[in-house]
Amino acid sequence: MILPTIIVLGVLIFVHELGHFWAAKAVGIRVERFSIGLGPRLVGFTRGETEYVLSAIPLGGYVKMGGMDDEVMERVEGGDAARPREPSPRDYDAKPVWARAIVISAGVVMNMLFAFVAYSAVNAFWGRPTIETTRVEAVDAALLPPGAEALAGIPEGARLVRIGGEEVANWSQVERAFLEGVAGPLAVVLADPALEVEVIRPESREARERIARSLTYWTDPVVGSVESGSPAAEGGVEAGDRVLAVNEVPVRHWSSMTEVIRRHPGEQVSFRLERNGGELTRNVVPAAVVEEDPVTGERLEVGRVGIAPDLAGRFTYEPVPPGEAVAAGWRETEGATRLILGFLRDLVTGGVSARSVGSIVTIGQASGQAAQMGVEVFLRFMALFSVNLAILNLLPIPVLDGGHLVFLGIEAVRGRALSAEQRLRWSNVGFLVIMGIMIWALGNDLLRLFGL
């Protein structure tokens with residue numbers, strides 16, 4: 001767990017700070033220090049006008065630019081408070097607002113670029129991951145656009161064999177069959193039972209995506225992982241358990257189980273499980289979370305217990321041409337961005353519990369789990385975390401990049417910068433906010449570790 005965490009934090013912090021460093025050099029700002037880590041210096045060297053440092057606390061990094069008065073970060077970094085200096089045309093404060101905005105934004109841009117490159121490289125080298133099944137678990141009729149209503153009649157467990165004349169052997173081929181091709185009638189042939197239905201492939205991409213999203217591939221109700229500190233973990237559900245029934249409702253597949261759980265937020269439900277050849281019952285109280293209905297946009301309270309299905313051995317990889325790999329990298333970067341923004345929105349509105357926020361312990365656990373699953377999964381995790389780091393750095397909190405951009409915005413509007421004293425006061429406030437968030441997140445991790 002320790003080594004993967006060091007790799008994730010070290011690489012992504014380095015990438016972020018390298019963005020600031022390159023941008024500062026590009027607009028002619030003197031860079032005095034490039035630090036990976038915060039606090040007291042461990043090792044370092046000086047080359048040219050810049051001191052390169054590895055510091056003791058691996059939870060951040062810092063590029064110290066000439067003329068950038070930031071006493072708070074100086075103290076965090078372990079240096080002296082701001083000292084009197086002779087103004088220079090290469091000072092940060094001497095550059096126009098647009099140049100400083102580029103420098104401040106460059107770290108976030110580099111993190112997003114890292115994610116895009118990582119996702120693209122994974123798709124190019126390993127291929128497109130897909131589930132090796134065409135068996136249908138469920139069809140969400142509410143998502144189906146006009147002309148595709150016949151898909152709602154697909155029986156539970158039927159296998160898709162051919163779509164529009166093309167045979168399908170995995171779920172990616174199923175999705176592409178609905179997403180690609182000319183608009184018009186489309187024959188869908190199934191087996192087990194033998195059946196053929198006809199739908200209309202719509203003109204719009206959005207309607208085609210709704211068809212693809214309406215179909216869910218078959219997943220056996222076997223628990224693959226249990227989130228630490230989740231309702232399932234507290235109730236005694238374990239990885240490897242097969243769910244036979246929930247509240248005495250028989251379970252055939254994953255969706256039939258989650259349907260029952262979703263209907264009982266905050267209410268106790270009983271799980272009848274198969275474990276090591278025997279049967280047992282466990283009681284779980286699903287957490288109440290708020291979700292947005294994908295069709296109506298309505299905010300609904302549903303239950304979740306913190307388990308994921310066992311997909312081991314079900315994934316296969318399809319070769320992807322370079323152009324498609326780049327397009328897939330862009331889509332995955334965009335999807336990760338939406339995912340994290342949605343989580344932040346739900347955190348603010350109460351859609352997810354504040355207990356969901358984790359600290360270095362959660363990062364360590366997730367990094368270790370991703371590393372155990374192979375290089376491809378680990379790189380995808382790094383890409384997701386890089387997007388997360390970029391978005392969090394854009395929060396308008398002084399000492400973060402977003403806070404500095406707010407200062408620059410104020411300067412652009414009023415025609416003069418905030419005084420060094422004003423920036424220092426707000427930076428002190430921002431530093432306290434960040435420390436409060438870190439303590440809160442660490443507290444959540446400790447509570448989860450102790451099962452509280």
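Residues numbered from 1 in each chain as written. Predicted model: local features only at pLDDT ≥ 70, side-chain atom pairs only at ≥ 80, totals over all residues. Heavy atoms only, no water.

Participant: Even after reading the chapter, I still don't get helix α9 (residues 360–372), so can you show me in this structure?
Facilitator: For α9, spanning 13 residues, the distance from its first C-alpha to its last is 18 Å, which sits close to the expected 18 Å at 1.5 Å a residue. Just past α9, the residue Gly-374 takes up positive phi, approximately 115°. (Helix = DSSP H or I, 4+ residues; strand = E, 2+ residues; numbered from the N terminus. Expected span 1.5 Å × (residues − 1).)

Participant: Honestly, the sheet that holds strand β7 (residues 184–191) in this entry has me stumped. Any pointers?
Facilitator: Whenever strands of a sheet pair, they do so through backbone hydrogen bonds, lying parallel or antiparallel. In space, the four strands of this open sheet follow the order β6-β5-β7-β8, with antiparallel pairing throughout. Either end of the sheet is taken by a strand with one partner, and the two such strands are β6 (166–167) and β8 (195–201). Across four bridges, the pairing between strand β5 (residues 159–163) and β7 is antiparallel. Each bridged residue has a counterpart across the sheet, and for Arg-162 the counterpart in β7 is Val-189. Relative to the sheet, helix α4 (residues 171–179) contacts β5, β6, β7 and β8, its axis offset from that of β5 by approximately 45°. (Pairing = 2+ DSSP bridges. Contact = heavy atoms within 4.5 Å. Axes fitted to C-alpha atoms, helices over the stretch in contact; angles between N-to-C directions.)

Participant: Sorry if this is basic, but what is going on with the nonpolar core here?
Facilitator: Looking at soluble globular proteins, one finds that nonpolar side chains tend to be buried together. Within the largest apolar cluster, 40 residues are counted, with the highest numbers of intra-cluster contacts made by Val-8, Leu-12, Ile-29, Met-65, Tyr-92 and Val-103. Elements with a minimum of two residues in this core: α1 (2–26), β1 (31–47), β2 (50–65), α3 (97–125), α8 (322–349), α9 and α10 (375–393). Other than its neighbours up to four places away in sequence, Ile-29 contacts Ala-24, Met-65, Gly-66, Arg-90, Asp-91, Tyr-92, Lys-95 and Val-103. Counting residues in each nonpolar core, the second largest holds 22 residues, with Ile-131, Leu-160, Val-168 and Ile-211 among its members. (Core = buried A, V, L, I, M, F, W, Y, C linked by side-chain atoms within 4.5 Å. Buried < 20%, exposed > 50% of the residue type's maximum accessible area, 1.4 Å probe, protein only.)

Participant: What should I look at first to understand the packing of α4 against helix α5 (residues 205–214) in this one?
Facilitator: Axes are the key here: two packed helices are described by the angle between their axes and the distance separating the axes. One can describe the packing of α4 onto α5 by two numbers: an axis separation of 8 Å at closest approach and a directional angle of 150°. Here α4 lies roughly antiparallel to α5, going by the angle between them. In the crossing of α4 with α5, the sense of the turn from one axis to the other is right-handed. For the pair α4 and α5, contact is made by Glu-175, Phe-178 and Leu-179 and by Arg-205, Arg-208, Glu-209, Ile-211 and Ala-212, respectively. Grouping the amino acids of the contact of α4 with α5 by side-chain chemistry returns four nonpolar, no polar and four charged. (Parallel < 35°, antiparallel > 145°, perpendicular 65-115°, else oblique. Left-handed = near helix turned anticlockwise from the far one by under 90°. Nonpolar A, V, L, I, M, F, W, Y, C, P; charged D, E, K, R; others polar.)

Participant: How should the environment of Ala-158 be read in this particular structure?
Facilitator: Structurally, Ala-158 can be placed in the loop between β4 (136–139) and β5. When the C-alpha atoms of Ala-158 and Ala-194 are compared, they prove to be 8.3 Å apart, with 36 residues separating the residues in sequence. Setting aside chain neighbours within four positions, we find Ala-158 in contact with Thr-134, Arg-135, Val-136, Leu-190, Ala-191, Asp-192 and Pro-193.

Participant: In this structure, what is going on with a nonpolar patch on the surface? I would like to understand it.
Facilitator: A cluster of nonpolar residues, Trp-426, Val-429, Val-433, Ile-437 and Trp-440, forms a patch on the protein surface that exposes about 440 Å² of accessible area. Topologically, Val-429 is positioned in helix α12 (residues 420–449). Using a relative accessible area of 41% as the deciding quantity, one classes Val-429 as partly exposed. (Patch = residues over 30% accessible without salt bridge, like charges linked within 9 Å, V, L, I, M, F, W, Y side chains within 5 Å. Areas by Shrake-Rupley, 256 points an atom, 1.4 Å probe, with all protein chains shown as cover. Salt bridge = Lys/Arg side-chain N within 4 Å of Asp/Glu carboxyl O.)

Participant: Can you help me understand the sheet that holds strand β14 (residues 278–284) in this one?
Facilitator: Strand order in the open sheet formed by four strands is β12-β11-β13-β14, with antiparallel pairing between adjacent strands. Each end of this open sheet is capped by a strand with a single partner; those strands are β12 (249–250) and β14. In terms of strand pairing, strand β11 (residues 242–246) meets β12 through two bridges, oriented antiparallel. Each residue of the ladder has a partner; that of Ala-245, found in β12, is Pro-250. Contacting β11, β12 and β13 (269–275), helix α7 (residues 254–262) runs over the sheet at an angle of about 45° to β11.

Participant: Looking at this model, I keep getting lost on the pairing of β5. Mind explaining?
Facilitator: Two faces belong to every sheet, and in a regular strand the side chains alternate between them. In the sheet, β5 pairs with β6 via two bridges, with the strands oriented antiparallel. Among the inter-strand pairings, Ile-163 is bridged to a residue of β6, identified as Glu-166. Linking β5 to β6, which pair antiparallel, is a turn of two residues; within it Gly-164 sits at a positive phi near 60°.

Participant: For this particular structure, what's the right way to read the pattern of salt bridges?
Facilitator: Pairing is possible between side chains that carry opposite charge, provided their charged atoms lie close to one another. All chains considered together, the criterion is met by 19 salt bridges. Measuring nitrogen to oxygen at the nearest pair gives 3.2 Å for the salt bridge that ties Arg-30 to Glu-32. On the accessibility criterion, Glu-32 (28% relative accessible area) is partly exposed. A salt bridge links Arg-90 to Glu-49; the shortest N-O distance between them is 2.8 Å. A residue pair is termed long-range when its members are at least 10 positions apart, and Arg-90 in the loop between α2 (71–77) and α3 and Glu-49 in the loop between β1 and β2 qualify at 41 residues. Residue Glu-49 is classed as partly exposed on the basis of its relative accessible area of 32%.

Participant: How should the packing of α3 against helix α11 (residues 401–414) be read in this particular structure?
Facilitator: At a minimum axis distance of 10 Å, the contact between α3 and α11 shows a crossing angle of 165°. As the angle between them shows, α3 and α11 are arranged roughly antiparallel. Our pair here, α3 against α11, has a crossing hand that is left-handed. Seen from α3, the contacting residues are Val-97, Arg-100, Ala-101, Ile-104, Ser-105 and Val-108; seen from α11, they are Asp-401, His-404, Leu-405, Leu-408, Glu-411 and Ala-412. Class assignment of the residues belonging to the contact of α3 with α11 gives a composition of seven nonpolar, two polar and three charged.

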